[in-house]
Amino acid sequence: MVAVVRDGQGRVLLQRRSAGGMWTPLSGILEPGEDPSAAAVREVGEETGVQVVVERLAAVTNSPPVRHGNGDRAQYLEIVFACRSVDPDSVPRACDDESVEVGWFPLDALPPMSERMGEIIAVVEKDESAAWFAPAP
């Protein structure tokens, strides 16, 4: 699950991850039995202290292939939600060990991030009513 959180002032909430040090939108894994949109709200709150509401499903994507330490290869389904901060004046903070730092960034001044993360933010910014997904080949 990926949560692209906007504040209504042209900014997006990002985290610099402890693992790898890259800037990304907030993301996380669902708890057993948890609704994906509830997971988005929970993860953003746990990782930044910012309370959000989910506005819509923005995209369904898949992660790049990964190889785990035991040699298993995997690729993960990603549900991307467009979220809005309940309080646009809230000051985010790194609340756990998953983030080195967190902050609001203007869309025209994003910190260095992977091209893929930039594309996910761009999909949300299009503000289309239908969720984006890669067409079948």
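Residues numbered from 1 in each chain as written. Predicted model: local features only at pLDDT ≥ 70, side-chain atom pairs only at ≥ 80, totals over all residues. Heavy atoms only, no water.

Asker: Hey, could you run me through the overall build of the protein in this one?
Answerer: The helix and strand tally for the protein stands at two helices and 10 strands. The order of helices and strands in the protein, counted from the N terminus, is β-β-β-β-α-β-β-β-β-β-α-β. Dimensions of the protein, computed from the C-alpha atoms along their principal axes, are close to 45 × 35 × 35 Å. Across the 137 residues that make up the protein, the buried fraction comes to 39%. Of the roughly 7,600 Å² of accessible surface on the protein, 55% is carried by carbon and sulfur atoms. Across the protein, 12 positive and 22 negative side-chain charges occur, with their mean positions spaced 4 Å apart. (Helix = DSSP H or I, 4+ residues; strand = E, 2+ residues; numbered from the N terminus. Buried < 20%, exposed > 50% of the residue type's maximum accessible area, 1.4 Å probe, protein only. Areas by Shrake-Rupley, 256 points an atom, 1.4 Å probe, with all protein chains shown as cover. Lys, Arg positive; Asp, Glu negative; His and termini not counted. Charge placed at Lys NZ, Arg CZ, Asp CG, Glu CD.)

Asker: Hey, could you run me through a nonpolar patch on the surface in this one?
Answerer: Judged by side-chain polarity, Leu-57, Val-60, Leu-77, Trp-132 and Phe-133 come together as a nonpolar surface patch covering roughly 490 Å² of accessible area. Elements supplying a minimum of two residues to the nonpolar patch: strand 5 (52-62) and strand 10 (132-133). By secondary structure assignment, the location of Val-60 is in strand 5. (Patch = residues over 30% accessible without salt bridge, like charges linked within 9 Å, V, L, I, M, F, W, Y side chains within 5 Å. Salt bridge = Lys/Arg side-chain N within 4 Å of Asp/Glu carboxyl O.)

Asker: I would appreciate a short explanation of the nonpolar core in the present structure.
Answerer: For soluble globular proteins, the rule of thumb is that nonpolar side chains tend to be buried together. Val-4, Leu-14, Val-80, Met-113, Ile-120 and Val-124 are the most contacted members of the largest nonpolar core, which has 16 residues in total. Elements with a minimum of two residues in this core: strand 1 (2-6), strand 2 (11-17), strand 5, strand 8 (77-85) and helix 2 (115-125). Looking at this core element by element, the count peaks at five residues for helix 2. Residue contacts for Leu-14: discarding those within four places in its chain leaves Trp-23, Thr-24, Pro-25, Leu-26, Glu-101, Val-102, Gly-103, Phe-105, Leu-110, Pro-111, Met-113 and Ile-121. Of all hydrophobic cores here, the second largest spans 12 residues; its members include Ala-3, Val-5, Val-50 and Cys-83. (Core = buried A, V, L, I, M, F, W, Y, C linked by side-chain atoms within 4.5 Å. Contact = heavy atoms within 4.5 Å.)

Asker: What is the right way to look at the pairing of strand 2 in this model?
Answerer: Residues in a regular strand project their side chains so that they alternate between the two faces of the sheet. Counting buried positions along strand 2 yields five of seven residues, so the element is predominantly enclosed. Where strand 1 meets strand 2, two bridges bridge the pair, whose relative direction is antiparallel. When the bridges of strand 2 are listed, Arg-6 appears paired with Val-12. Counting the residues in the hairpin turn of strand 1 and strand 2 gives four residues, including Gly-8, whose phi is positive at 80°. As paired elements, strand 2 and strand 9 (residues 99-106) share seven bridges and run antiparallel to each other. Among the inter-strand pairings, Arg-11 is bridged to a residue of strand 9, identified as Pro-106. As consecutive antiparallel partners, strand 2 and strand 3 (residues 23-24) are separated by five residues, and within that stretch Gly-20 has a phi angle of approximately 95°, a positive value. (Pairing = 2+ DSSP bridges.)

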